[in-house]
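Summary of structural features
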Amino acid sequence: MKKNLLFDATGLVDGILDGRGNGIFFTSYNILMELVRREEFNIILYCSAKKAFLFKKAKSLDKNLAKIPLAEYSDIDDAVIYWQELKYNNKIQKESKIKRLHIKIVLAFLKLLSKICYDLDLNEQYKEVFKDIDIFFSPYLAVPKEIQGIKHIQQYVLLHDVIPMILPVYNKHWKKYWFYDLYKSINKNDFYFANSEFTKMDFVKHIPKFNPDHITVIPLSTGGKYEVISDKSDLERVRIKYNIPAGKKYLFSLCTLEPRKNLIFAVKNFIKFIKQNNIDDFVFVLGGGHWESFIEKISEEIKDFEDKIIKIGYVENEDMSALYSGAEMFVFPSLYEGFGMPILESMKCGCPVICSNITSMPEVIGDCGIQINPENDADLIKAFEKMYFDKTFRAECIEKGLKRSERFTWEKCVGVMTKEFENNETV
């Protein structure tokens, strides 16, 4: 008999509307699509009333989401959604300030009323809406309050990392963001998935409320289809598009340009490497969106070598495989990763990897590349030299990486999840 699985799609809204999803978005979306393909489940989408109006827009833009039914809302939340739409239209059409104020007051009142109903467990209609649901799964957000109290529903959340809690540059205001709601909701009765063994242990270490036996590690995969591109015209096309100099080999790095990614360390040691070895045919291609303050620091670091560091910014999804495939190597010296999806993307495209030997990254790369201490200059320079000059070793890394990447698929990921759903039915 099929299980009715309620999937929290709240976090998909922004990624679909702006077309630029992050790792959590791609993980959420791909798990959802794989669950839909499974015969064991009837999938119903859940979305927080706060984002329901935008979610309906997103659902209309994505043909895959459009086919999946959306859970009904309570009368109160239906009213919230209606007034959110009025607020949105008022903003677009630039209507009167008096009307805007009126809408804001009504919307604030409805949201407060909705919260009171959840807190006092007065919203009986939710029990009717969710009476046939067997499983609730959230790809990262806390289980919503209206579902937390329903005992017949197995409740699961996928854990990604504890970055907001432990890294100072992020945790200054962490209690204002979604992670704090997750932190408060964690308990010993619900079930959790973790994107790596490291993430599992890190959550147990920093949040003692966990029951470790209720956390299962699942293998993630890549956001889209990543593959080796050998077509010379396609490789040349991306070079031209992203202004990579003709006739130059390139090292590739792709991530958000922020302190945690440790890119100043990578850039300065790349410059040392090419200077020490008198190399003039090698450039560093730096892809990804950036923090303004951080890009200034990188620019200062490379002021005498600007022609060797190519900052290409956001990379379109359709260009990813070709950029990876055309690179001599991929470098990822991050200081903290819950999983490290770019490492896997690179391996799938036949690009050998140099990455950090800490947090979750060794679980992804295995023995298919070079692991370095992300705070040791000599370690990284030595890795550059090995990967650049030793063609036999580089070829071995490519072959091993392609083979290892086959372990990480969304089919295997959801297969592990499905077994856990079955095993926990009677817990």
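My aim in this report is to walk through the structure given alongside it, one point at a time. Fair warning: this is a prediction, and the values are worked out from it, not measured in the lab.

Here is what the cut-offs are and how they apply
- Within every chain, residues take consecutive numbers counted from 1 along the sequence as written.
- The model is predicted, so local features are restricted to residues of pLDDT at least 70 and side-chain atom pairs to those at 80 or more, both for listing and for counting; the totals for chains, interfaces and linings are taken over all residues.
- As a rule here, side-chain values cover all heavy atoms of the structure and leave hydrogens and water aside.
- A 1.4 Å probe that fits but cannot get out identifies a cavity on a 1 Å grid over protein atoms alone, an open set with protein on both sides within 12 Å along at least five of seven lines counts as a pocket, and a residue lines either if it has an atom within 4 Å of a point.
- Grid points are joined across faces, edges and corners, and a volume is the space filled by probe spheres set on the points.
- Throughout this entry, Asp, Glu, Lys and Arg are counted as charged residues, while Ala, Val, Leu, Ile, Met, Phe, Trp, Tyr, Cys and Pro are counted as nonpolar. The remaining residues, Gly among them, count as polar.
- Labels follow the DSSP assignment, with helices taken as runs of H or I lasting at least four residues and strands as runs of E lasting at least two, numbered in each case from the N terminus.
- Side-chain atoms alone can form a polar contact between residues adjacent in sequence; in general such a contact is a pair of N or O atoms within 3.5 Å, and within protein one must be able to donate a hydrogen while the other accepts it.
- Note on definitions: a residue-residue contact is assigned when non-hydrogen atoms from the two residues lie within 4.5 Å.
- We treat two strands as partners when DSSP finds at least two bridges between them.
- Helix axes use the C-alpha atoms of the stretch in contact, all axes being lines fitted to C-alpha atoms, and the angles between their N-to-C directions lie in the range 0 to 180 degrees.
- In this scheme, a residue with accessible area under 20% of its type's maximum is buried, one over 50% is exposed, and one in between is partly exposed, where area comes from a 1.4 Å probe on protein chains only.
- Take a side-chain nitrogen of Lys or Arg and a carboxyl oxygen of Asp or Glu: if they are within 4 Å of each other, that pair is a salt bridge.

Taken as a whole, the second largest pocket holds about 300 Å³ of empty space. As for the second largest pocket, its lining consists of 17 residues, of which Lys151, Ile153, Gln155, Asn189 and Asp190 are closest to the centre. By residue class, the composition of the lining of the second largest pocket is four nonpolar, 10 polar and three charged.

Attention shifts here to the side chain of serine 356. Tracing the backbone through its elements, the reader meets serine 356 in strand 11 (residues 353–356). One polar contact links the side chain of serine 356 to the main-chain carbonyl oxygen of serine 334, over a distance of 2.7 Å. Not counting chain neighbours up to four residues away, the residues in contact with serine 356 comprise Phe332, Pro333, Ser334, Met361, Pro362, Gln371, Ile372 and Pro374.

Another aspect to go through is the sheet that holds strand 10 (residues 329–332). Strand order in the open sheet made by the six strands is 9-8-7-10-11-12, with parallel pairing throughout. Either end of the sheet is taken by a strand with one partner, and the two such strands are strand 9 (309–313) and strand 12 (370–372). Neighbour-to-neighbour, the strand axes of the sheet open up by a mean angle of 25 degrees, direction not taken into account. Where strand 8 (residues 282–287) lies against strand 9, four bridges are found, and the strand directions are parallel. Residue pairing in the sheet places glycine 287 in a bridge with glycine 313 of strand 9. Along the sheet face, helix 14 (residues 263–276) touches strand 7 (249–254), strand 8, strand 9 and strand 12 and points at about 170 degrees away from the line of strand 8. Along the sheet, helix 19 (residues 377–389) makes contact with strand 7, strand 8, strand 10, strand 11 and strand 12, crossing strand 12 at roughly 170 degrees.

The next point concerns the pairing of strand 8. Counted residue by residue, strand 8 has six buried out of six residues, so it is predominantly covered. Burial of the side chains of strand 8 extends over both faces: Phe282, Phe284 and Leu286 are buried on one face and Val283, Val285 and Gly287 on the other. Both strand 7 and strand 8 contribute to a ladder of six bridges, which runs parallel. Residue pairing in the sheet places leucine 254 in a bridge with glycine 287 of strand 8.

With that settled, the discussion passes to the pattern of salt bridges. Using the criterion set out here, one finds 16 salt bridges in the structure. Here lysine 184 and aspartate 181 are joined by a salt bridge, their closest N and O atoms 3.8 Å apart. Highlighted residues: lysine 184 and aspartate 181, both in helix 11 (residues 178–185), separated by three residues, approximately one helical turn. For lysine 184, a relative accessible area of 48% puts it in the partly exposed group. We classify aspartate 181 as partly exposed; its relative accessible area is 42%. Its salt-bridge partner being aspartate 234, residue arginine 237 comes within 2.8 Å of it at the nearest N-O pair. Of the two residues, arginine 237 and aspartate 234 both sit in helix 13 (residues 232–241), three residues apart, roughly one turn of that helix. Classification of arginine 237 as partly exposed rests on a relative accessible area of 34%. We classify aspartate 234 as partly exposed; its relative accessible area is 22%. Residues joined by salt bridges that share partners form a network here, namely Asp234, Arg237, Lys241 and Asp319.

When you tally the buried positions in helix 17 (residues 341–348), you get eight out of eight residues, the bulk of the element. Backbone geometry just downstream of helix 17 places glycine 350 in the positive-phi region, at approximately 75 degrees.

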